[in-house]
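Each chain is listed here by its residues.
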Amino acid sequence: MIKLFSLKQQKKDGDQTARGGQQKKASAAQLRIQKDINELNLPKTCVTEFPDSDDLLNFKLIISPDEGFYKDGRFVFNFRVGSNYPHEPPKVKCATQVYHPNIDLEGNVCLNILREDWNPVLTINSIVYGLQFLFLEPNPEDPLNKEAADVLQSNRRQFEYNVKKAMRGGCVGETFFECCLK
């Protein structure tokens, strides 16, 4: 009986060697992210970059709004898709420091579909449109940057001034922002 198992194993090993070695199976997350990326329908204000073309689970999204407070800015988001995707949302961080009520100074993003409203039927496309919407309509009701949210609610003109100053590269309060104009 032992010889039978060892013969089966030798045959299996020989088959793998004949095919050029062991083929690594794609995970469910890799298959789903590949599908999401293939079906991605980016607006003209968004571009994706894949630093490693073999790694679809880590990529960048660049948003360059063409209207609103953040017009003419260039904002980079890093996406890290975990092995439990699509059952868990990807980790999304803003790499560009921005004066925004829904993005804190560490780059954390307050978007409901990245937290409690995530659902496996949502796609990367859903997140892209959600992020783009944050730049068109910042939400002071659910802030991560409370100071920016307070200014947006109390003095819209001052908020717009602060956004422009930050995007040009300047200080807002005690915080210095690098220029992020395109």
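Residues numbered from 1 in each chain as written. Predicted model: local features only at pLDDT ≥ 70, side-chain atom pairs only at ≥ 80, totals over all residues. Heavy atoms only, no water.

**Points about the UniProt feature "active site" (unreviewed entry) in the chain**
What counts is decided by this rule: UniProt positions are given in the numbering used here, feature names are shortened, and annotations may be inferred rather than shown by experiment. In this text, helices come from DSSP runs of H or I with a minimum length of four residues, and strands from runs of E with a minimum of two, each type numbered from the N-terminal end. Accessibility here uses a 1.4 Å probe with only protein chains present; expressed as a share of the type maximum, an area under 20% marks a residue as buried, one over 50% as exposed, and anything in between as partly exposed. Throughout, a residue-residue contact means that at least one pair of heavy atoms, one from each residue, lies within 4.5 Å.
UniProt's entry tags Cys110 with the feature "active site" (unreviewed entry), counted in the numbering of this structure. Here Cys110 lies in the loop between strand E4 (91-94) and helix H3 (124-136). The class for Cys110 is buried, based on a relative accessible area of 4%. Setting aside chain neighbours within four positions, we find Cys110 in contact with Asn102, Arg115, Leu134, Asp142 and Leu144.

**A closer look at the nonpolar core**
For soluble globular proteins, nonpolar side chains are generally found buried alongside one another. For the record, the criterion: Only buried residues count toward a nonpolar core, which is a set of Ala, Val, Leu, Ile, Met, Phe, Trp, Tyr and Cys residues joined through side-chain atoms within 4.5 Å.
Ranked by internal contacts, the top residues of the largest apolar core, which has 43 residues, are Phe77 and Leu131. Of all the elements in the fold, those that place two or more residues in this core are helix H2 (28-38), strand E2 (58-63), strand E3 (75-80), E4, H3, helix H4 (146-154) and helix H5 (156-168). Looking at this core element by element, the count peaks at six residues for H3. Setting aside anything within four residues of it in sequence, one finds Leu131 in contact with Leu61, Ile63, Phe77, Phe79, Val92, Val109 and Leu111.

**Quick word on the sheet that holds strand E1 (residues 46-49)**
Keep this limit in mind: A pair of strands is labelled paired if DSSP reports no fewer than 2 bridges between them. A fitted line through C-alpha atoms represents every axis, and for helices the fit uses only the stretch in contact; the resulting angles, taken between N-to-C directions, go from 0 to 180 degrees.
Spatially, the four strands line up as an open sheet ordered E1-E2-E3-E4, and their pairing is antiparallel. Looking at which strands have only one partner, the edges of the open sheet turn out to be E1 and E4. When the angles between neighbouring strand axes are averaged without regard to direction, this sheet yields 25°. As judged from the four bridges shared by E3 and E4, these two strands associate in the antiparallel manner. Considered in E4, the bridge of Arg80 is made with Lys91.

**A few points about the side chain of Gln132**
On the secondary structure map, Gln132 appears in helix H3. Looking at Gln132, the relative accessible area reads 14%, which means it is buried.

**Section: H5**
Test applied: In this scheme, a helix's expected span is set at 1.5 Å multiplied by one less than its residue total. The directions from the helix axis to the C-beta atoms form the arc being described.
With 13 residues, H5 extends 18 Å between its outermost C-alpha atoms, agreeing within 8% with the 18 Å of an ideal straight helix rising 1.5 Å per residue. Of the positions making up H5, those classed as buried are Phe159, Asn162, Val163, Ala166 and Met167. For H5, the arc enclosing every buried residue in end-on projection is 130°, short of the 170-degree limit, so these residues lie on one face. For H5, the exposed residues set more than 90 degrees away from the buried face come down to Arg157 and Arg168.

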